[in-house]
Amino acid sequence: MRKIEHIGIAVKDLEKSNALFGKLLGKEHFKTEEVDGEKVATSFFQVGETKVELLQATDESSPIAKYLEKKSEGVHHIAFDVEDINAEVERLKAEGFEILNETPKLGADNKLVVFLHPRSTNGVLIELCQEKE
């Protein structure tokens, strides 16, 4: 793992949260995007080398909608940038981590993503991400 790529924050209202984080960080978000496969709308803020990703559900069946219903707004996941996502999945499986999706899927910001179950990471949802070629 090379660095923290982003911190994902589940929000109920992306527009209001963009305004709030804009004030907090002293800058505007630089990108919004919908990820249809995850049923989520995202917004990104750049903070040094790391990004803050705001996530709003676009459908009640979205994992973000379920998260908000269960836990309310807040930190949803921490994403780590990896050089070779498939090799990293194999390494982590061998170390005993529970992988939620062994086959990388397309996420926001032109990334291939894999998630680790919080049961195996002290309650923190971990995302591995690699720039899609």
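Please read these numbers as outputs of a predicted model, since none were measured by experiment.

*Asks:* Mind showing me how you'd approach the pairing of strand 3 (residues 40–47) here?
*Replies:* For a regular strand, the rule is simple: side chains alternate between the two faces of the sheet. A large share of strand 3 lies buried, amounting to six of its eight residues. Alignment of strand 2 (residues 31–35) against strand 3, held across five bridges, turns out to be antiparallel. Looking at the pairing, glutamate 33 lines up with threonine 42 of strand 3. Where strand 2 folds back on strand 3, the antiparallel hairpin that results is connected by four residues, among which lysine 39 adopts a positive phi of roughly 55°. Relative to strand 4 (residues 50–57), strand 3 runs antiparallel, the two being bridged by eight bridges. The residue bridging glutamine 46 from the neighbouring strand is lysine 51, located in strand 4. What sits between the antiparallel neighbours strand 3 and strand 4 is a turn of two residues, in which glycine 48 has the positive phi angle 65°.

*Asks:* What's the story with the pattern of salt bridges in this structure? I'm lost.
*Replies:* Note on pairing: side chains with opposite charge can pair once their charged atoms come close. Within the structure shown, the criterion is met by 13 salt bridges. Aspartate 109 is the partner of lysine 31 in a salt bridge, and the nearest nitrogen-oxygen pair spans 2.8 Å. On the criterion of sequence distance, the pair formed by lysine 31 in strand 2 and aspartate 109 in the loop between strand 6 (105–106) and strand 7 (111–116) is long-range, its members being 78 residues apart. Accessibility expressed as a relative area gives 27% for lysine 31, which makes it partly exposed. Residue classification places aspartate 109 among the buried positions, given a relative accessible area of 10%. A single network of salt bridges, built from pairs that share partners, joins Glu5, Lys31, Glu33, Lys51, Asp109, Lys111 and Glu131.

The rules behind these values
Residues numbered from 1 in each chain as written. Predicted model: local features only at pLDDT ≥ 70, side-chain atom pairs only at ≥ 80, totals over all residues. Heavy atoms only, no water. Buried < 20%, exposed > 50% of the residue type's maximum accessible area, 1.4 Å probe, protein only. Helix = DSSP H or I, 4+ residues; strand = E, 2+ residues; numbered from the N terminus. Pairing = 2+ DSSP bridges. Salt bridge = Lys/Arg side-chain N within 4 Å of Asp/Glu carboxyl O.

Purely geometric stuff here, so don't read any function into it on its own.
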